[in-house]
Amino acid sequence: MSRPYIDRVAPASDPGAAATVVGGGPAGLMAAETLARAGLVVTVYEHMASVGRKLQLAGRSGLNITHSEPIDDFLARYGPRRARLDTAVRAFGPTELRAWCAALGEPTFVGSSGRVFPASFRATPLLRAWLARLRDLGVVIETRHRWLGWGSTPGGAADPRVVRFSRADGTAIEVANDVTLLALGGASWPRVGSDGAWVEPLQRAGVDVRTLRAANCGVVIGWSERFVERFAGTPLKNVAIGVAGDWVRGDAMITTAGMESGPVYAHSAAIRERCDRDGRCIIEVDLHPDLTVAEVAARLERRRPKDSLATSLRRAIGLPPVAAALLRESTANAMPSSADELAALVKACPLVVEALMPMARAISSAGGVALDEVGDGFMLRRLAGTFIAGEMLDWDAPTGGYLLQATFSTAVAAAQGAIAWLDT
């Protein structure tokens, strides 16, 4: 395994340059480390009372920090945004990120799904060691400072070398610096700090910011009252969720409002697009992905006439009561009688999605700073010396380690872009 990429940062030609990093999430802290290693004087400003809150929340059920699949397959997960992320992710990719974790005393392991986790499985030990490293590098962290935008030039334009903040007591301050790196996250999980308040100052400065939308989230389905009463909180184990012929396998959770979990999250972009276009989206659930339609039909042909449908489905193909109820729910209780038709329904049970869950319940957000607003080093074209990293960028990554990996990768790339810009 290679040494951490950030250890290979070349010193800035002006090692005394002042860098302001706005945002104390994973992108901001990684950018701060990269800048500090290059000899810059770094201050991180965070509007919450502590840093790393979203990272800790993400790690409550296991911090999925990256994925182990081959790099070309990995990059394909970013879809149409791949071209803009390719260089950053290849430069500081899964191998480098795992080495970085190990250097903090948190070696990683690969789970059965290929996802990568720290040995402790949680974010807290990693964050604690990371903050100690940042202190050793001289990084100063100022909390309870909300970013307001920039100072103004005599002509009234934004002055990228003066950054404005509001303190907790309501007083405003201006901070002069040589370079600014914005890493304020998206708009999901606003209670931990990612509230999207940065959109207005950027738009005021003329930056194209695409509307922030919920991503990697559950869906709203109009269940019947009876179905909710019996099955809300019940998992659908070992199923596959399909949208327009694209299938993702895993477990899904029935909720009072609809459906949650990994296979659903993976389709959130496609579902959002179809809901915007058509007002709804049809998703399909394969309730037995290990069998073909013909195999399911053959087993159902052997069912006993006296058995109820639920009993037949359980005995013939092992479907639990929640799966049988889902079939009834999808057909308004007008279940097909023939084995072939029933088998087809088991393999592609259609459900009408009315919308995605709201932003406050989303794992991440889509939208943000348009990618054509930043250059190769992630510097804003309209504001020289201001760099953008992480989920502020409009790249809409999926879960599974891809979201967090690109957050770290763009942070390193933006920080290196800032160092290179200072050297020019």
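Refer to the structure presented above.
Here the structure is a predicted model, which means the values were calculated and not measured.

Trainee: What should I look at first to understand the nonpolar core in this one?
Mentor: Side chains that are nonpolar tend, in soluble globular proteins, to be buried together. By size, the foremost hydrophobic cluster in this structure holds 83 residues, and its most contacted members are Leu40, Trp100, Trp130, Trp147, Trp198, Leu202 and Val369. In this view, tryptophan 198 contacts Trp147, Leu184, Gly185, Gly186, Val209, Leu212, Gly368, Val369 and Met392; residues no more than four positions away in its chain are not counted. Residues Phe227, Ile317, Ala325 and Ala343 belong to the second largest nonpolar core, which totals 48 residues.

Trainee: How should I be thinking about the side chain of histidine 47 in this particular structure?
Mentor: With respect to the helices and strands, the residue histidine 47 is situated in the loop between strand S2 (41-45) and helix H2 (53-58). There is a polar contact of 3.2 Å between the side chain of histidine 47 and the side chain of arginine 146. Engagement of the side chain of histidine 47 in a polar contact is seen with the backbone oxygen of glycine 193, the distance being 2.9 Å. Among all residues touching histidine 47, those that are not within four sequence positions of it are Arg144, His145, Arg146, Gly193 and Asp195.

Trainee: When you look at the environment of valine 243 in this model, what are you seeing that I'm missing?
Mentor: When you line up the elements, valine 243 lands in strand S13 (residues 235-243). Taking the C-alpha atoms as reference, valine 243 lies 7.4 Å from alanine 270; in sequence the two are 27 residues apart.

Trainee: Would you explain the side chain of serine 188 in this entry?
Mentor: Inspection of the secondary structure puts serine 188 in the loop between strand S10 (179-182) and helix H7 (199-204). Of note is the side chain of serine 188, whose polar atom sits 3.0 Å from the side chain of lysine 54. Apart from the residues lying within four places of it in its own chain, the contact partners of serine 188 are Lys54, Ser194, Met359, Ala362, Ile363, Ser364, Ser365 and Glu391.

Trainee: Before we go on, may I ask you to explain the sheet that holds S10 in this structure?
Mentor: Strands belonging to one sheet form pairs held by backbone hydrogen bonds; the direction of such a pair is parallel or antiparallel. Within the open sheet, the five strands sit side by side as S6-S2-S1-S10-S19. Their pairing is parallel. Looking at strand neighbours, the two that pair on one side only are strand S6 (140-142) and strand S19 (386-388), the edges of this open sheet. If you compare each strand with its neighbour and ignore which way they point, the axes differ by 20° on average. Note that strand S1 (residues 18-22) and S10 share four bridges and pair parallel. Its bridge partner lying in S10, valine 21 is registered against leucine 181.

Trainee: When you look at the packing of helix H11 (residues 293-301) against helix H12 (residues 309-317) in this model, what are you seeing that I'm missing?
Mentor: When two helices pack together, their arrangement is given by the angle between the helix axes and by the axis-to-axis distance. Relative to each other, H11 and H12 sit at 115°, their axes nearing to 9 Å. Classified by chirality, the crossing of H12 by H11 is right-handed. Contacts between H11 and H12 involve Val296, Arg299 and Leu300 from the former and Leu313, Ala316 and Ile317 from the latter. For the contact of H11 with H12, the class distribution of residues is five nonpolar, no polar and one charged.

Trainee: Even after reading the chapter, I still don't get the pattern of salt bridges, so can you show me in this structure?
Mentor: Opposite charge on two side chains permits them to pair, given that their charged atoms come into close proximity. Taken as a whole and judged by the stated rule, the model has 22 salt bridges. Close ionic contact of aspartate 195 with arginine 146 constitutes a salt bridge, the shortest N to O distance being 3.0 Å. With aspartate 195 in the loop between S10 and H7 and arginine 146 in strand S7 (residues 145-152), this residue pair connects regions lying 49 residues apart in the sequence. According to the relative accessible area criterion, aspartate 195 is partly exposed, its value standing at 33%. We classify arginine 146 as partly exposed; its relative accessible area is 29%. Between arginine 213 and aspartate 276 there is a salt bridge, with its nearest N and O atoms 2.9 Å apart. With arginine 213 in strand S11 (residues 209-215) and aspartate 276 in helix H10 (residues 268-278), this pair connects stretches of sequence that are 63 residues apart. Relative accessible area serves as the criterion here: at 31%, arginine 213 is assigned to the partly exposed category. Several salt bridges share partner residues, and in doing so they unite Asp72, Arg82, Asp86 and Arg90 into one network.

About the criteria used
Residues numbered from 1 in each chain as written. Predicted model: local features only at pLDDT ≥ 70, side-chain atom pairs only at ≥ 80, totals over all residues. Heavy atoms only, no water. Core = buried A, V, L, I, M, F, W, Y, C linked by side-chain atoms within 4.5 Å. Buried < 20%, exposed > 50% of the residue type's maximum accessible area, 1.4 Å probe, protein only. Contact = heavy atoms within 4.5 Å. Helix = DSSP H or I, 4+ residues; strand = E, 2+ residues; numbered from the N terminus. Polar contact = N/O pair within 3.5 Å; in protein donor to acceptor, adjacent residues only side chain to side chain. Pairing = 2+ DSSP bridges. Axes fitted to C-alpha atoms, helices over the stretch in contact; angles between N-to-C directions. Left-handed = near helix turned anticlockwise from the far one by under 90°. Nonpolar A, V, L, I, M, F, W, Y, C, P; charged D, E, K, R; others polar. Salt bridge = Lys/Arg side-chain N within 4 Å of Asp/Glu carboxyl O.

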